[in-house]
Every structure is written in structure tokens, then in C-alpha cells.
Amino acid sequence: MATGQLFSRTTQALFYNYKQLPIQRMLDFDFLCGRETPSVAGIINPGAEGFQKLFFGQEEIAIPVHSTIEAACTAHPTADVFINFASFRSAAASSMAALKQPTIRVVAIIAEGVPESDTKQLIAYARSNNKVVIGPATVGGIQAGAFKIGDTAGTIDNIVQCKLYRPGSVGFVSKSGGMSNEMYNTIARVTDGIYEGIAIGGDVFPGSTLSDHILRFNNIPQVKMMVVLGELGGRDEYSLVEALKQGKVNKPVVAWVSGTCARLFKSEVQFGHAGAKSGGEMESAQAKNQALRDAGAVVPTSYEAFEAVIKETFDKLVEQGKITPVKEVMPPQIPEDLNNAIKSGKVRAPTHIISTISDDRGEEPCYAGVPMSSIVERGYGVGDVISLLWFKRSLPRYCTHFIEICIMLCADHGPCVSGAHNTIVTARAGKDLVSSLVSGLLTIGPRFGGAIDDAARYFKDAYDRGLTPYEFVESMKKKGIRVPGIGHRIKRGDNRDKRVELLQRFARTHFPSVKYMEYAVQVETYTLSKANNLVLNVDGAIGSLFLDLLAGSGMFSKQEIDEIVEIGYLNGLFVLARSIGLIG
């Protein structure tokens, strides 16, 4: 068994069986104490390797994950504490494997229910090899301001209240992990706090005993007094009694053994811990308390008087000049996780993405504020959905009907156009549907299906500036730019595109104004005088007619129309329509 302190501000541990919360609590404690390096060097997760992201203060760090104990010990030779969160079924085997590693000095076993025969083997191996086992059935231990095991001392709030972020003058050891948290608080209220605290675990055969740790504390200069919390059952406390009688402990020991209420029951009582079971008069809390008192320990008359006795002992040491109370320091604020802070209303976090069209936070999804049920109940079609999701408003029926006609007419141009050809070749190469579709969509551009926006852009600019068809076409020619929306490889002046005729006929019948389309027709008349294949194609028809839709509906401002034309919005119609054909 070690004779001095187990931990320091540079102690690092290997954590067996990944548990996010206790590891993060260890790292938060490190930050609270002002440690320069994290106390968790590596994680052992059987069968897994890589890294696990956690926080060290405000910095996100990557802690290595190893698949075996041997690999972790080799990779982190300075990590000498093994924190075992394995279940009771594998805790003994993994703990023994860790003890056999030359770099491991301390093993803490958290699991309850480890077979007693296995625990005895671990204890025997540890003692013969000068190593320390804490547990089984322990919450661990803590050296204030330096290092803590797993969930020891609970939440950060409790750690701050118990002043565990800096060392005090009291050494504390307990069988119970839950009661150790309570005692840390008690000791902090009436003294300058603990220097080190250990919960040995509640099993019948703990890896280290109360007296083991009291004897260690006696050799640590910073520890000026010790506090012990035992419990009925077993005879561990009597080893401390013998140490006191033999004069091995020369610092004040304040002790209490809980479980005095057991005598109120007629039959034998089993308390929460496996070892908390009175097996006779000597194992009773009353007998142990009396034996400790007779050996020179300061023992109160009840647990309620425990705090007062601790305070009285501490105050005497201060009066005698043996303790100079630690000056209080202000610990740093642990950054709160964003999700928790948002839930508690402590922060306002700006959103990274704002959607003005879709919302699924309510009882049902909404498109631009219109519930999905309303869309179905009102008999809306695809054109209405597009008007909501693309233009953020419900357009008149003639507008949505026009959109649907555009999609139907452009859905398929035959198997020989570039988009269909690419899609077919990709599918024949064995690729999946999405890959094949995307390969076809990637061909959409100014020469194939991508001229709707350019046609709208140039026709709008020319019309708004009052250019004649002659001026418009000739100015484009001087710039070396083909007029978008004009020209076809097959269609000619005497063989018009039926789709263009259908769109024009619908617009003339239903649109309030078709000024942009008529301008495009005038441009076509001029270009046909140049060549018989320079006809208004379907891209030019849709581009010019969409200008009329936007301007004539009265639902868009000039700024909105300019933005829609500028950002390349209208090619979406061709992309959507063409996807239907390419998938087919």
C-alpha cells in the first residue's frame, strides 16, 4: 500500500469503458482547478479505436480511444491511474489486466457486485506489487485542486460549494460514496476544506481499508487532521483502532461509525452496502464507536454532533498554530453546454440558417405559413406548392396553372439530348438512381436547358431600356453573345415548337399583360430574317412569360422581380421538370 499521497496536479488516468458524463466532469474539474493538462489521457473501449471529442474548458479536445488496456498503457506511459467503469461481470478481469501493467499504480473499481473471491485475488496481487485498489463499489476519490475520479463529489456546483477546487487541511475517508459527498460539504462548512478524500466502497472486502488511507494521510504534511466515516458490519475500523493504540497516527482523528439505529430492530439488519450488515456485537456501530473513542479518536455522541466535533477539532489546531487556514480563491466559471444554456434561458444564440418557407416545429409541417392539411384540403396542386416554396406566397390560379404547364412541357425532350444521354450512360454503368440523375442535371447550362434565366435577364433589360429588336440583337452580336432563348437545332420558322405555341396561347388567354412575351416575338421576327432556325425556343418563351407573370400578377415589387431574375431562379423550373424525364 502506498505511504503518501496518491494523486497530484499532473496525475493522468486511463478510463475504461467510455462514459461521457463522468469523463466530462473530470475535465471540468481540471479546468476548475487550473490544471494545464487534462487528467484523462486516454479511453479504453474494447473493440473501438479513434478519438472522442470532449471539452477542456472552452477548448474542444480529442482524447484517444484504444481497443485494449495494453495498447493504452503503451501509448500513455505516464498515466498511472486506471478508472474502471466496467460492469461487475468483467470488472475483475479488466482490473487484473490493468494491475499487471507496469505503468499502472492505482486502480479504482466502480462496479458493485464483483465476486468476493475475485476481489481477494485483486487485493493480494496489488499488495504484493505495491499497488492500490480503490473499491469495488466505490465512487472513487479526490485530491482537492488536483485530481478526481469519475463522478466523485457530484456536480460542478457541489464541488464549488465544497471548496474542492483548492486544497484544504483535512484528510477524509469513508466507506460510502454518497455520504462522502455529504461530508465534503460538512467539512467545507466548518474547516478550510479537505486535502484528499477517498470512498473505499461498501463491499465486504474493499481493495483498501480505512486504516490504509489514514496511515497515508498521516504521512502527508499538508493533512493536519483526519475525518473517518465508517459503518456497521465487518471489522475494518478495528485496524484503525490498533493503529491508534500503537501510536502510528499522530494527527487528530475525528470518527463516526453509522448504523447505531440497527439495535432498534429485532432481527439482523442489512443496510445498503454489502458490508453494512451487523454480524455480532463487535460489528455493531456502538462497539466500533466506543473502541475508536477508547483508542484516542474524537468520536461524537451522534451523527448530528459530527459537524460540531469536526469544527471544534479544527479550531483547536488553528489556535495552536498547527493550521493556517487556506485563503479562499475564486474558481473560474465552467462554460455551460450550449443546449443546456439555451434551455435555461441564459443565452441567446443566433441561428446559422434561417428558413422563410419551411417550418416543422408545430403540429404539422407548413409551407410558407400554410399548413400541410390546408394544402391538401383546398385541392392545391404542384404549381401551388412551388409558388409557396419558391415565391413565398399563394399566386393566383392562372399563375400556378402556368407553372404546371411549364413542368409538363419540359419534363422530357427525348433520349438524345445531352442530359438524357448522360443519365442513360451512367445508369448503364451500374450507378444508382441519384448518381444517374445528377449526371444528367449537371449538363444543364446556357446551351442546354439553362437559358431560361438568361433569356429573362436579357429580354427584361432590353425591353426596360426601350431597345428595338434590331438594336437589341445587333448589340448582342457586337458583344459576341448569342441571344438566349432564340434558336433551335430542329425547329424552324415553318416548323414551330408546339410547346412555345401552347404557352403563348395560354398566356394570351389568361395573363393580364404579355408585354415581355410580345417583345420576344418581335425579336424572333427579326432573327428569322437572318436565319430560318433562329426561332423563339421553349427557354425563351418561359423566360419572357415568367417576366409577364411576375409583373402582371401585381404580387411582386420591382426589387423582388429584379432579384428573382438576377439570382438564376427560373432555371429551377427546367431542373424540376427535367428530373421527371431523367428519372423515367
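Residues numbered from 1 in each chain as written. Predicted model: local features only at pLDDT ≥ 70, side-chain atom pairs only at ≥ 80, totals over all residues. Heavy atoms only, no water.

1. Concerning the sheet that holds strand β1 (residues 13-16)
As a reminder, the rule being used: Think of it this way: DSSP has to see at least two bridges between two strands before they count as a pair. Only DSSP runs of H or I covering at least 4 residues are called helices, and only runs of E covering at least 2 are called strands; the numbering of each starts at the N terminus. Here an axis means a line fitted to C-alpha atoms, over the contact stretch when the element is a helix, while the angle between two N-to-C directions is reported on a 0 to 180 degree scale.
In spatial order, the strands read β3-β4-β2-β1-β5-β6-β7; together these seven strands make up an open sheet with mixed pairing. Unpaired on one side and paired on the other, β3 (50-56) and β7 (132-134) mark the two borders of the sheet. Averaged over all pairs of adjacent strands, the angle between their axes in this sheet comes to 25 degrees, without regard to strand direction. Pairing of β3 with strand β4 (residues 59-66), which is carried by seven bridges, proceeds in the antiparallel orientation. Within β4, the position partnered with phenylalanine 51 by the bridge is proline 64.

2. Notes on unusual backbone geometry
Which entries qualify depends on this criterion: Working definition: with a 1.4 Å probe on protein chains only, accessible area under 20% of the residue-type maximum means buried, over 50% means exposed, and in between means partly exposed.
A cis amide bond, omega 0 degrees, links glycine 135 with the succeeding residue proline 136. For asparagine 130, which is not glycine, the phi torsion reads 55 degrees and is therefore positive. Residue placement: asparagine 130 occurs in the loop between α4 (116-128) and β7. Classification of asparagine 130 by relative accessible area gives exposed; the value is 53%. The backbone phi angle of lysine 163 is positive, close to 60 degrees, even though this residue is not glycine. Within the secondary structure layout, lysine 163 lies in the loop between α5 (156-161) and β10 (170-174).

3. Section: helix α22 (residues 558-566)
Which entries qualify depends on this criterion: The directions considered for the arc are those from the helix axis to the C-beta atoms. We call two residues contacting when some pair of their heavy atoms lies within 4.5 Å.
For α22, every residue scored as buried is listed here: Ile561, Ile564 and Val565. Within α22, the buried residues cover an arc of 95 degrees as seen down the axis, which keeps them to one side. Those residues of α22 that are exposed and aimed more than 90 degrees away from the buried face are Gln559 and Glu566. Check the buried side of α22 and you find it contacts α13 (382-391), α17 (451-464) and α21 (538-552). Positive phi appears at glycine 568, one or two residues downstream of α22, with a value of about 80 degrees.

4. Details of the pairing of β10
To be explicit about the condition: When the strands point away from the viewer, a crossover counts as right-handed if the route from the first strand across the helix to the second turns clockwise.
Burial of β10 is extensive: five of the five residues sit out of reach of the surface. The side-chain alternation of β10 yields two buried faces, one formed by Val170, Phe172 and Ser174 and the other by Gly171 and Val173. Bridge analysis of β10 against strand β12 (residues 225-231) gives five bridges, and the strand direction is parallel. Considered in β12, the bridge of valine 170 is made with methionine 225. Relative to strand β11 (residues 194-199), β10 runs parallel, the two being bridged by five bridges. In the strand pairing of β11, glycine 171 is matched with glutamate 196. What joins β10 to β11 is helix α6 (residues 177-190), and the crossover it makes is right-handed.

5. Examining the sheet that holds strand β15 (residues 366-367)
Here we have three strands laid out as an open sheet, ordered β14-β15-β16, and antiparallel in their pairing. Two strands close off the open sheet at either side, each with one partner strand: β14 (358-359) and β16 (370-371). Direction of pairing for β14 relative to β15: antiparallel, over a ladder of two bridges. In the sheet register, serine 358 faces β15, and the bridge partner there is tyrosine 367.

6. With respect to the side chain of aspartate 192
Spelled out, the test is: Within this scheme the basic residues Lys and Arg register as positive and the acidic residues Asp and Glu register as negative, but His and the chain ends are omitted. Each reported salt bridge corresponds to a side-chain nitrogen of Lys or Arg within 4 Å of a carboxyl oxygen of Asp or Glu. Any pair of N or O atoms that falls within 3.5 Å is considered a polar contact. Within protein, one atom must be able to donate a hydrogen and the other to accept it, and sequence-neighbouring residues count only if both atoms are side-chain atoms.
The topology assignment puts aspartate 192 in the loop between α6 and β11. One buried charged residue, aspartate 192, remains without a salt bridge, the closest side chain of opposite sign being arginine 166 at 5.8 Å. Looking at aspartate 192, its side chain comes within polar contact range of the side chain of serine 169, at 2.7 Å. Engagement of the side chain of aspartate 192 in a polar contact is seen with the backbone nitrogen of valine 326, the distance being 3.3 Å. Those residues in contact with aspartate 192, other than ones at most four positions away along the chain, are Arg166, Gly168, Ser169, Phe314, Ile323, Thr324, Pro325 and Val326.

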